[in-house]
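Commentary on secondary and tertiary structure
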Number of protein chains: 2
Amino acid sequence: MTDATPYTPPKVWKWEKESGGRFASINRPIAGPTHDKDLPVGKHPLQLYSLATPNGVKVTVLLEELLAKGIKEAEYDAWLVNISEGDQFSSGFVSVNPNSKIPALMDHSTATPTRVFESGAILLYLAEKFGAFLPSDPAKRPEMLSWLFWQMGSAPYLGGGFGHFYAYAPEKWQYPIDRFAMETKRQLDVLDRRLAETPYVSGDEYTIADMAIWAWYGQLALGRLYEAGEFLDVESYKYVQKWAREIDARPAVKRGRMVNRAFGDPSTQLRERHDAGDFETRTQDKLEPAGES
Amino acid sequence: MTDATPYTPPKVWKWEKESGGRFASINRPIAGPTHDKDLPVGKHPLQLYSLATPNGVKVTVLLEELLAKGIKEAEYDAWLVNISEGDQFSSGFVSVNPNSKIPALMDHSTATPTRVFESGAILLYLAEKFGAFLPSDPAKRPEMLSWLFWQMGSAPYLGGGFGHFYAYAPEKWQYPIDRFAMETKRQLDVLDRRLAETPYVSGDEYTIADMAIWAWYGQLALGRLYEAGEFLDVESYKYVQKWAREIDARPAVKRGRMVNRAFGDPSTQLRERHDAGDFETRTQDKLEPAGES
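Residues numbered from 1 in each chain as written. Chains lettered and ligands numbered in written order. Predicted model: local features only at pLDDT ≥ 70, side-chain atom pairs only at ≥ 80, totals over all residues. Heavy atoms only, no water.

1. Focus: the overall build of chain A
Scanning chain A from terminus to terminus reveals eight helices and four strands. Secondary structure elements of chain A occur, N-terminal to C-terminal, as β-α-β-α-β-β-α-α-α-α-α-α. In summary, chain A has a C-alpha radius of gyration of 19 Å against a globular reference of 19 Å for 293 residues, a match within 12%. By residue count, 64% of the 293 residues in chain A fall in the buried class. Counting contacts in chain A only where the partners sit at least 6 residues apart, residues at least 24 apart contribute 68% of the total. (Helix = DSSP H or I, 4+ residues; strand = E, 2+ residues; numbered from the N terminus. Rg over C-alpha atoms; globule rule 2.2 N^0.38 Å. Buried < 20%, exposed > 50% of the residue type's maximum accessible area, 1.4 Å probe, protein only. Contact = heavy atoms within 4.5 Å.)

Right, here's the structure in full:
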């Protein structure tokens with residue numbers, strides 16, 4: 001990259017549609033819908049529109065954990081949003097999430113239907129609605145919030161930075177790979193040092209902060225993102241490894257990973273989920289999730 | 001960049017200390033403290049350790065807004081963390097924020113002192129503690145949370161992506177500049193379309209979501225970040241412009257921007273803030289903040 005032809009940015013940036021590597025077709029400099037299409041609505045109060053990327057898995061893991069706890073009001077319909085076909089730019093999806101990213105949630109149990117977007121906001125909304133997977137001691141709430149927001153502000157360096165340049169960009173360039181690999185390793189080390197002190201990120205209890213962080217850094221540590229396990233030496237983060245494996249073994253986590261899955265072994269895909277019985281015909285092994293753009 | 005020498009990543013990434021452009025000295029692949037040093041503690045219950053970057057300004061704006069509302073319990077000491085000198089790697093700072101990023105807060109008014117890190121978590125913690133700058137109608141809370149988390153997940157593409165490659169990287173490369181300029185413009189358009197519908201991001205009321213988003217996208221629209229106003233054609237986002245100027249005119253926002261400011265015109269810098277009277281000897285005009293690494 002240091003040998004590249006010198007580049008002088010123009011005075012005003014212009015959209016060149018042909019660039020962008022894998023996922024180029026879904027990256028745009030403008031917001032808003034590209035076509036008119038309503039979203040489907042199923043029988044349950046909670047309607048999730050998503051895909052089993054790490055950000056999607058956070059929410060389906062929480063919903064399955066809530067149901068496993070016996071909270072029946074957390075029953076939900078999960079509809080597949082195929083981002084490579086532009087489903088996130090439909091008028092229906094944009095009305096639920098003007099940012100055109102999965103996951104997005106509609107709660108029809110409120111006086112007027114409530115939209116929630118951004119995976120971190122959805123986790124906090126559902127955990128507060130059902131009073132679960134938050135610290136039981138309110139004094140621990142700030143620590144949980146700190147780690148939940150840490151995940152939201154950190155993962156773009158892992159996904160949109162490292163993952164993009166290591167796995168998806170049209171060529172391999174050293175500078176951005178170095179920049180984002182270094183930051184990703186620092187983040188893994190932040191987490192490893194924390195998990196050396198406490199079994200879960202906000203203390204003794206498994207909370208939504210663990211679910212958020214596990215979906216990205218736990219799955220990265222388990223070698224499931226970007227085929228980058230060896231490159232980032234994920235095995236060296238011993239406390240992250242232990243925590244990641246423990247969470248991975250939870251039945252609700254296994255179910256959550258299957259929902260809205262549209263890639264990998266077909267037997268691991270539950271493309272839509274409308275009932276707890278929908279899992280029965282599926283095996284839950286050998287899930288190999290892809291990353292994000 | 002397409003003419004660069006082909007690059008094949010090694011099997012396992014290694015730290016090459018000499019690379020990284022501006023801010024290279026503060027980017028590391030490992031976490032934890034580099035030296036032993038305690039943090040100072042002043043007279044107020046709230047102790048802020050920060051710098052007037054966009055993430056720092058979010059919190060000082062909220063604190064000044066709380067004080068302007070007559071909430072005296074929000075009095076605070078603000079200590080300067082000089083990130084280019086590595087203050088964020090002191091043992092004291094790491095004990096408050098294991099992620100070694102500003103801002104970080106200690107609340108000494110609780111039974112045991114409470115740490116809070118990540119600017120979004122600090123905003124939510126303080127707003128909930130004082131019951132202010134949240135939607136007065138609880139039904140609007142999910143919308144506020146969605147936009148607050150939107151800012152946290154979006155700004156890394158603006159700061160760590162666009163800002164880095166446009167302003168700070170050792171060379172200008174077209175691909176990453178295009179990638180992150182496109183995403184930054186999309187984010188500005190998301191915000192512009194929202195502000196065409198409602199005066200503030202979560203509805204009729206000015207909340208912490210506006211403060212969070214204003215610090216990044218408002219200041220970007222006002223031409224204060226990365227000297228990129230013309231390049232990104234920020235003037236074309238008319239609703240963002242109107243909202244940004246309105247918030248910029250608030251006296252508490254002007255004060256918040258001065259706190260922990262260690263760059264630009266010396267008369268706009270209040271490097272430490274320990275009392276409301278500390279502003280009196282300072283002028284509040286012509287602030288020209290820098291961006292982040």
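Now that the structure is up, let's keep going.
2. Examining helix 7 (residues 238-248) of chain B
Taken together, the buried positions of helix 7 of chain B are occupied by V240, Q241, W243, A244, I247 and D248 of chain B. In this fold, the buried residues of helix 7 of chain B make contact with helix 5 (174-197), helix 6 (208-221) and helix 8 (251-258) of chain B.

3. So, unusual backbone geometry
All names here are of chain A. I102 connects to P103 through a cis peptide bond whose omega is -5°. By the element assignment, P103 lies in the loop between helix 2 (91-96) and strand 3 (104-107). In this structure, N260 takes a positive phi of about 60° despite not being glycine. Within the secondary structure, N260 is located in the segment after helix 8 (251-258).

4. A short note on the pattern of salt bridges
Inspection of every chain in the model, using the stated rule, returns 32 salt bridges over all chains. Across the salt bridge formed by E128 of chain A and R141 of chain B, the nearest N and O atoms sit 3.1 Å from each other. Linking E128 of chain A in helix 3 (residues 119-130) with R141 of chain B in helix 4 (residues 141-168), this pair reaches from one chain into another. In this structure, R257 of chain B engages D248 of chain B in a salt bridge whose closest nitrogen and oxygen atoms are separated by 3.9 Å. Like R257 of chain B, the residue D248 of chain B is buried in the burial classification. Beyond isolated ion pairs, a larger network of salt bridges with shared partners links E64, E75, R255 and R273 of chain A. (Salt bridge = Lys/Arg side-chain N within 4 Å of Asp/Glu carboxyl O.)

5. Notes on the packing of aromatic side chains
Residues and elements named next belong to chain A. A complete count under the given rule lists 31 aromatic pairs over all chains for this structure. Residues W150 and Y217 carry aromatic rings whose centres are separated by 5.4 Å and whose planes lie at 35° to one another, so their mutual orientation is tilted. Highlighted residues: W150 in helix 4 (residues 141-168) and Y217 in helix 6 (residues 208-221), separated in sequence by 67 residues. The same class applies to W150 and to Y217, which are both buried. Aromatic side chains F162 and Y166 sit 5.0 Å apart centroid to centroid with 20° between the ring planes, which places their arrangement in the stacked category. Here F162 pairs with Y166, and both are found in helix 4, just four residues apart, close to one helical turn. Each member of the pair, F162 together with Y166, is buried. Over the face of the ring belonging to F89 we find R28, whose NZ or CZ atom lies 4.7 Å from the ring centre. (Phe/Tyr/Trp six-rings, centres within 6.5 Å; stacked < 30°, edge-to-face > 60°. Lys NZ or Arg CZ within 6 Å of the ring centre and 35° of its normal.)

6. Looking at the domain arrangement of chain A
You'll often see interface size given as the accessible area lost when the parts meet. All names here are of chain A. Domains assigned within chain A are domain 1 (46-134 + 254-281) and domain 2 (138-250). Here the C-alpha centroids of domain 1 and domain 2 sit 21 Å apart. With 18 residues of domain 1 in contact, the opposing surface of domain 2 contributes 20 residues. Across the domain 1-domain 2 interface, the total number found is three salt bridges. Where R250 meets E65, a salt bridge forms, and the shortest distance between an N and an O atom there is 2.7 Å. On inspection of domain 1 and its partner domain 2, the count reaches eight residue pairs in polar contact (both at pLDDT 80 or more). Contributing elements (two or more residues each) for the side of domain 1 that touches domain 2: helix 1 (54-68), helix 3 and helix 8. Within the side of domain 1 that touches domain 2, the residues separate by chemical class into nine nonpolar, three polar and six charged. (Domains from an automatic or database assignment. Polar contact = N/O pair within 3.5 Å; in protein donor to acceptor, adjacent residues only side chain to side chain. Nonpolar A, V, L, I, M, F, W, Y, C, P; charged D, E, K, R; others polar.)

7. Overview of the packing of helix 1 (residues 54-68) of chain B against helix 8 of chain B
Residue and element names in this part refer to chain B. At their nearest, the axes of helix 1 and helix 8 sit 8 Å apart, and the two run at 135° to each other. The orientation of helix 1 relative to helix 8 falls into the category oblique. As helix 1 packs across helix 8, the resulting crossing turns out to be right-handed. Between helix 1 and helix 8, the contacting residues are V57, T60, V61, E64, E65 and A68 on the first element and A252, V253, R255, G256 and R257 on the second. Along the lines of polarity and charge, the residues of the contact of helix 1 with helix 8 split into five nonpolar, two polar and four charged. (Axes fitted to C-alpha atoms, helices over the stretch in contact; angles between N-to-C directions. Parallel < 35°, antiparallel > 145°, perpendicular 65-115°, else oblique. Left-handed = near helix turned anticlockwise from the far one by under 90°.)

8. Re the interface of chain B and chain A
Contact residues are listed per partner, giving 76 residues for chain B and 75 residues for chain A. Carbon and sulfur atoms make up 62% of the area that chain B and chain A hide from each other, which totals about 7000 Å². Seen at the junction of chain B and chain A, the total is four salt bridges. The salt bridge partner of R115 of chain B is E143 of chain A, with a shortest N-O separation of 2.6 Å. Summed over the shared surface of chain B and chain A, the result is 28 residue pairs in polar contact (both at pLDDT 80 or more). Those elements giving two or more residues to the side of chain B that touches chain A turn out to be strand 4 (114-117), helix 3 (119-130), helix 4 and helix 5 of chain B. A per-class count over the side of chain B that touches chain A returns 40 nonpolar, 15 polar and 21 charged. (Buried area = accessible area lost by both parts, 1.4 Å probe.)

9. Considerations on the nonpolar core
By size, the foremost hydrophobic cluster in this structure holds 172 residues, and its most contacted members are L126 and W243 of chain A together with L126 and W243 of chain B. With near-sequence residues (within four places) excluded, L126 of chain B lies in contact with L46, V59, L62, L63, L66 and L105 of chain B. (Core = buried A, V, L, I, M, F, W, Y, C linked by side-chain atoms within 4.5 Å.)

10. Brief notes about the packing of helix 4 of chain A against helix 5 (residues 174-197) of chain A
Residues and elements named next belong to chain A. Between helix 4 and helix 5, the shortest axis-to-axis distance is 9 Å and the interhelical angle comes to 150°. As far as their axial angle goes, helix 5 and helix 4 are roughly antiparallel. Considering only the axes of helix 4 and helix 5, their crossing is left-handed. Between helix 4, through E143, W147, W150, S154, Y157, L158, G161, F162, F165 and Y166, and helix 5, the contact on the second element is made entirely by P176, I177, R179, F180, A181, E183, T184, Q187, V190, L191 and R194. Looking at the contact of helix 4 with helix 5, its residues break down into 13 nonpolar, four polar and four charged.

11. Digging into the side chain of D77 of chain A
Residue and element names in this part refer to chain A. When you line up the elements, D77 lands in strand 2 (residues 76-80). One buried charged side chain, D77, makes no salt bridge at all; its nearest oppositely charged neighbour is K43, positioned 6.2 Å away. At 2.6 Å, the side chain of D77 forms a polar contact with the side chain of H274. With sequence-adjacent residues up to four places away left out, D77 is seen in contact with G42, K43, H44, L46, Q47, L48, R273 and H274. (Lys, Arg positive; Asp, Glu negative; His and termini not counted.)

12. Some details on the environment of K17 of chain A
Residue and element names in this part refer to chain A. Residue placement: K17 occurs in the segment before strand 1 (46-50). Take K17: its relative accessible area is 59%, and that puts it in the exposed class. In this structure, the C-alpha to C-alpha distance between K17 and R28, residues 11 residues apart in sequence, is 8.5 Å.

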